[in-house]
Amino acid sequence: MGFGKGFDSGDPAAVTQGCRGLRNRPGMVWETPPRSPAKPSRPGEPVGGTSHGSVWLCAAADPSGRFPGAGAQPERAVQRRECPSARSQADGAPGSLLATAGAMRAAGLLLAWALLHPAATQPCHPASPGAVLRFTDRHAEIRVPALHRVPSSLDPLYGLVRRCLDLIQQNPLPTELLRTALNDPGSVRTSQVVQYELGYVVCAAVALLFTVAVPVAGMCFCYCRSRRRCGGRLRAHRRSLGCRRRCLLACLSFTSLIILISVTCAFVTSQRVKGQMEPGLGAVPSTLRTLRQHLANVPQGVQMVVDKFEVPRKQIISDLGGLSRSVGLSIHAQLKAMTYAALADLQDRAGDLQTSLHHLQILDRTARALAAARAELEPALRERRRRVVALLDDPRCTSCASVLGRAQSLELGADYGKVPSVEKVLKALAGLPRSDFAEMIRQGNGTFNSIPELAVERMAQVIQDLREDLARTAEKVQSIADSFPFPDYTRPVSEALLKAEDRSQPYLREAERFERYRWIAGTVLCSIILLILACNVTGMALGAYGLSKREDPSDYECRGEAGAKFLLVGVGLAFLFSWLLILLVFATFLVGGNIQTLVCRNWVNQEIYKFIDTPGNLPPSMNLTRQLNLRRDSNLSSAYRECKSGAGLWEVLQLDRSYDLDEHLKTPKYTADFQKRLGDFTANLGDVRLLRSEGRQDLETFARSGVDEVDYGRFQEEMKNPVVQTSLPGLARSLEGLQKMQRNGTVAGRLAAEARALWQMQNSTVQSQEALVAKLGESVQFLSRLAPHLKERVKRTLATTASVEARLPVQAQQILRQELGCFTRKELRYFTQYLNWVGQTLREDVASCQPLATALDNGRVILCDRIADPWNAFWFSLGCCTFFLIPNIIFAVRLTKHFRPIRNRLISTGSEETCPFHIPRVTALKL
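Please read these numbers as outputs of a predicted model, since none were measured by experiment. (Residues numbered from 1 in each chain as written. Predicted model: local features only at pLDDT ≥ 70, side-chain atom pairs only at ≥ 80, totals over all residues. Heavy atoms only, no water.)

(A) Layout of the overall build of the protein chain. When helices and strands are counted, the protein chain shows 31 helices and 5 strands. As displayed, the protein chain offers around 46000 Å² of accessible surface, 57% of which is attributable to carbon and sulfur atoms. (Helix = DSSP H or I, 4+ residues; strand = E, 2+ residues; numbered from the N terminus. Areas by Shrake-Rupley, 256 points an atom, 1.4 Å probe, with all protein chains shown as cover.)

(B) Seen up close, the pattern of salt bridges. Applying the stated criterion to the full structure yields 36 salt bridges. Asp708 serves as the salt-bridge partner of Lys791, at 3.8 Å between the closest nitrogen and oxygen. With a gap of 83 residues between them, Lys791 in helix α29 (residues 790-846) and Asp708 in the loop between α25 (693-704) and α26 (712-719) connect regions that are remote in the sequence. For Lys791, a relative accessible area of 42% gives the class partly exposed. In this structure, the salt-bridge partner of Arg860 is Asp865, at a minimum N-O distance of 3.6 Å. Taking the relative accessible area as the measure of exposure, Asp865 reaches 16% and is therefore buried. A single salt-bridge network, built from bridges that share partners, covers Arg149, Asp155, Arg162, Arg860, Asp865 and Asp869. (Salt bridge = Lys/Arg side-chain N within 4 Å of Asp/Glu carboxyl O. Buried < 20%, exposed > 50% of the residue type's maximum accessible area, 1.4 Å probe, protein only.)

(C) Broad picture of a nonpolar patch on the surface. Taken together, the side chains of Val194, Leu198, Val201, Val202, Val206, Phe883, Ile886 and Ile890 present a nonpolar region at the surface, about 630 Å² in accessible area. Breaking the nonpolar patch down by element, the ones donating at least two residues are α7 (198-226) and α31 (885-898). For the nonpolar patch, the leading source of residues is α7, giving 4 residues. Structurally, Val202 is set in helix α7. Overall, the relative accessible area of 48% leaves Val202 in the partly exposed class. (Patch = residues over 30% accessible without salt bridge, like charges linked within 9 Å, V, L, I, M, F, W, Y side chains within 5 Å.)

(D) Representation of the state of the cysteines in the model. Under the counting rule described, the total for this entry stands at 3 disulfides. Residue pairing for Cys397: its cysteine sulfur links by disulfide to Cys400, the two sulfurs lying 1.4 Å apart. Residues Cys397 and Cys400 share a disulfide whose torsion about the S-S bond is about -45°; that sign makes it left-handed. Each member of the pair Cys397 and Cys400 is classed as buried. One disulfide in the model links Cys643 with Cys849; its S-S distance is 1.6 Å. One end of the pair, Cys643, is in helix α21 (residues 636-644); the other, Cys849, is in the loop between α29 and α30 (850-883), with 206 residues separating them in the sequence. We note that Cys164 lacks a disulfide partner, and the nearest cysteine sulfur, in Cys880, lies 8.5 Å from it. Cysteine Cys526 shares no disulfide, and the gap to the nearest cysteine sulfur, in Cys881, comes to 6.6 Å. Residue Cys526 is classed as buried on the basis of its relative accessible area of 1%. (Disulfide = S-S within 2.5 Å.)

(E) A look at the packing of helix α11 (residues 323-392) against α25. Direction vectors running N to C along α11 and α25 enclose 50°, while the axes themselves pass 11 Å from each other. Judged by the angle between their axes, α11 and α25 are oblique. The chirality of how α11 crosses α25 is left-handed. Across the interface between the two elements, Leu346, Arg349, Asp352, Leu353 and Ser356 of α11 pack against Asp698, Leu699 and Phe702 of α25. (Axes fitted to C-alpha atoms, helices over the stretch in contact; angles between N-to-C directions. Parallel < 35°, antiparallel > 145°, perpendicular 65-115°, else oblique. Left-handed = near helix turned anticlockwise from the far one by under 90°. Contact = heavy atoms within 4.5 Å.)

(F) Representation of the packing of aromatic side chains within the structure. Counted by the stated rule, this structure contains 13 aromatic pairs. Aromatic pair Phe589 and Trp875: ring centres 4.7 Å apart, planes at 75°, arrangement edge-to-face. Of this pair, Phe589 sits in helix α18 (residues 558-604) while Trp875 is found in helix α30, placing the two residues 286 residues apart along the sequence. Assigned by exposure class, Phe589 and Trp875 land together as buried. Look at Phe674 and Phe831: their rings are 6.1 Å apart centre to centre, the planes differ by 65°, and that puts the pair in the edge-to-face class. You can see Phe674 sitting in helix α24 (residues 668-680) and its partner Phe831 sitting in helix α29, a full 157 residues away along the chain. By the ring-pair criterion, three or more aromatic residues cluster together here, those being Tyr200, Phe586, Phe589, Trp875 and Phe876. Here the guanidinium or amino end of Lys274 rests over the ring plane of Trp519, the centre of that ring lying 5.3 Å away. Taking NZ or CZ as reference, Arg518 lies 4.7 Å from the ring centre of Phe874, over its face. (Phe/Tyr/Trp six-rings, centres within 6.5 Å; stacked < 30°, edge-to-face > 60°. Lys NZ or Arg CZ within 6 Å of the ring centre and 35° of its normal.)

(G) Looking closely at the confidence of the model for the protein chain. For the protein chain, mean pLDDT is 77; residues scoring 70 or higher make up 77% of the total. Taking the mean pLDDT of every element in the protein chain, the minimum, 33, falls on strand β1 (residues 28-31) and the maximum, 92, on helix α4 (residues 155-168). Confidence over residues 126-130 falls short of pLDDT 50; this stretch has 1 contact with residues more than four positions distant or in other chains. Within the model, pLDDT remains below 50 along residues 921-927, and this stretch shows 0 contacts once partners closer than five positions in the same chain are excluded. (pLDDT = per-residue confidence, 0-100.)

(H) Layout of the nonpolar core. If you look at the biggest cluster of nonpolar residues, it comprises 96 residues, and the most contacted ones within it are Ile331, Leu360, Leu429, Met459, Val707, Tyr712 and Leu816. Broken down by element, the residue count for this core peaks at 19 residues, all from α29. Leaving out residues up to four positions away in the same chain, Leu816 has contacts with Val327, Ile331, Met459, Phe681, Thr682, Ala683 and Leu685. Counting 37 residues, the second-largest nonpolar core is a separate cluster that includes Ala564, Leu573, Val585 and Leu878. (Core = buried A, V, L, I, M, F, W, Y, C linked by side-chain atoms within 4.5 Å.)

(I) Local environment of the environment of Thr746. Tracing the backbone shows Thr746 in helix α28 (residues 745-786). Since its relative accessible area comes to 46%, Thr746 is described here as partly exposed. Here the alpha-carbon distance between Thr746 and Cys397, two residues 349 residues apart in the chain, equals 9.7 Å.

(J) Quick peek at the side chain of Asp364. With respect to the element layout, Asp364 can be found in helix α11. Once you skip the residues sitting within four places of it in the chain, Asp364 turns out to touch Val422, Glu423 and Leu426.

(K) Up close: unusual backbone geometry. For the bond from Leu432 to Pro433, the omega torsion is -10°, close enough to zero to count as cis. As for its position among the elements, Pro433 is in the loop between α13 (423-428) and α14 (437-449). Unusually for a residue other than glycine, Gln606 sits at a positive phi of about 65°. Note that Gln606 resides in the loop between α18 and α19 (607-613).

(L) Representation of α24. A bend of about 25° at Phe674 is the largest found in α24. Regarding α24, the residues found buried are Tyr670, Thr671, Phe674 and Leu678. Elements that come into contact with the buried residues of α24 comprise α10 (310-321), α16 (460-482), α23 (661-664) and α29. (Bend = angle between axes of the 7 residues up to and from the residue.)

(M) Layout of the side chain of Thr597. By secondary structure assignment, the location of Thr597 is in helix α18. Accessibility expressed as a relative area gives 1% for Thr597, which makes it buried. Among the polar contacts listed, one links the side chain of Thr597 to the side chain of Tyr200, at a separation of 3.0 Å. In contact with Thr597, not counting residues within four places along its chain, are Leu165, Gln169, Tyr196, Tyr200 and Asn602. (Polar contact = N/O pair within 3.5 Å; in protein donor to acceptor, adjacent residues only side chain to side chain.)

Structural data, given as structure tokens:
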């Protein structure tokens, strides 16, 4: 059913029925606007001043019943337009015409914006956080944890000991001596060893002297004590004894404090050595085993890394599942503004065609009806004028002269036989519209809204091909593991590590046993030193207390005597165990000092690596370059530096020339087919017909019909004239007034009859013609507003529709290329992330050489920082205790005399000494 059916007659019921026919179409969504409460309509008056019924709003919808753009974007707008048939009723009001013009301007602006801003310029969406791949399961091998020097409160003590050792041993690494010792041990001369160890030889001489001298001094002291010397009593009392006593107490307290601090440091460092020795010795075989496991697990680790391609593959497959619909929705979202604006413009022109045809039919019928009514009214009005004039001229009519002039001017006004005819225009528009614009718009809208489903259908094959490309890419990734040339080259390294582990076991057990003996001896001797200190403290306390309680220096005081004995016990212990202390100090000093000066110092400054790298320094059985299968142009120092910097094992083991990992990890090697398939894909997703040829012909015929050539001004000028020049109701009321003034009943009756005749003419004929004039005015007003812009609007609509139909496929293809480009770059990021992770994992974890460098660094940290430093601090602290025992013995022996009573009490005055006066013994006289 076309837009034109149901509008051939001017019957309002037919107009309303035609609008209802459109409203019931499946492709149109209709809404009834609510009545405005501010302006309630009077009974019988249409809403908004229209002539018939309510105004219906309609909008094109897709076949599913949704509004245009439903499901595409949240910001979609319902394309509401006045129903073409209903607009014929609404457009008669000026407000409706202004609203229609505003809507048309808005649609034009929207369409212009859509055409001037191509949708293909939209940028790619930024990568979401979910686009970052997570590879949680790393290589499962046992890693070598890096150890570091831990800051300690004893670091100043460690630094002091190292400076002392640097002072004792100032010679550099003895390369000649070590070369001779390693290659021909029997040819090593003692003089070479003594020359290198000269500082230690001097220290050995001091230790030997101490070992001999202190016990000899102890025996001499014992002999003196047996002769009541050395620690006996003072023979005389002097005034300076108090000062000397306090000085000896201070010196003994000071030496005791130094010995206490030293023995405390010795205890602490001894425990640290014991605590670090066991895990340090255990770390040697465990580190060697870890390195062997690291080498053995490289193939499994490489395979694990390759298997992780499943992570990007699943992500890409997931993205492929939504690619086609995403592309379709993007095309729909970016082109909907332009398309909906074109459809709205087309709907407006179709409405203009139907409404104009309706108003032209009303114009033609109304003008004919008015001309016919005028012809019928003219003789009746002439006769009525003759009768009224004759009655008013009757001399018997009182006061009728005042109304006579109005009666004489009673004649017809507007003559609609003179207005232009629109029959030619109606003949040109006969049979229009021949096409169903509502169905045409519904189909165009439905085709455009089906772009997402069409994209899913057109891209199904390419997505399946991309999935197959991913399967082939997985096979290419597997080649990374298949071509990894590693096991044959790591076997010599594994054998060397196994041999080192087996050979180290006896030495480690011996070191552990020696450390146990050292700890026991050190603990016992430190305990003896503490016992000596306890004797010193007890002796000084008791002696000082005894002195404070003694009234006469020559009196015997048990507490002072006990203090002196405690001091002598400490002296005896010092003489008895000093030689053991010096032996333990020298033994630990000789071992720890040589470890620090010969190994640790040269390890830190890389001199050991240089010695190992120099050809001929090591015997053939210890050729590390050959045992570790290093490159011929490489050595241990360079290998260590490469491993330290994070090089792969294949680079250190001269495999980089036959296996280039960077070449295997180039992204285009795995993504070329994927990129090419997406780059070559094309699909026609924007072929939408908005206006068929018969619809275009209808609009062109409408533009050429001559609607704009009709002189609507003539109609407006004629409508300014009334139907009758003199107001029939006014004249009738005047006659009724004259009737009341008449004295002659005959004249009064005739006046009443004429008034009734005029009222009847007004109600039966004139009012119907006035209603036709009002209806004619509505149509003239609409057509006069539409006509000047008709050709321009139709031309613009046809051009816009053609432009949109031509641009839709082009821009849809551009958006398709853009979306596929964005998708390709996004998926390539997955490949790049995975390949970067593969390279990083192989270099830093699975096939990294760094564990070898870490193991060497850990060995230095364990041996030098965690064992050698506290070991050396132990003998240094114990040596301080031992050497400070000598002043401790001297001060204790001398202080002993001050705690005992004085033999002869002398009174000293200045420099003279006098003997005390003795009272003679009284004896009994014999009588």
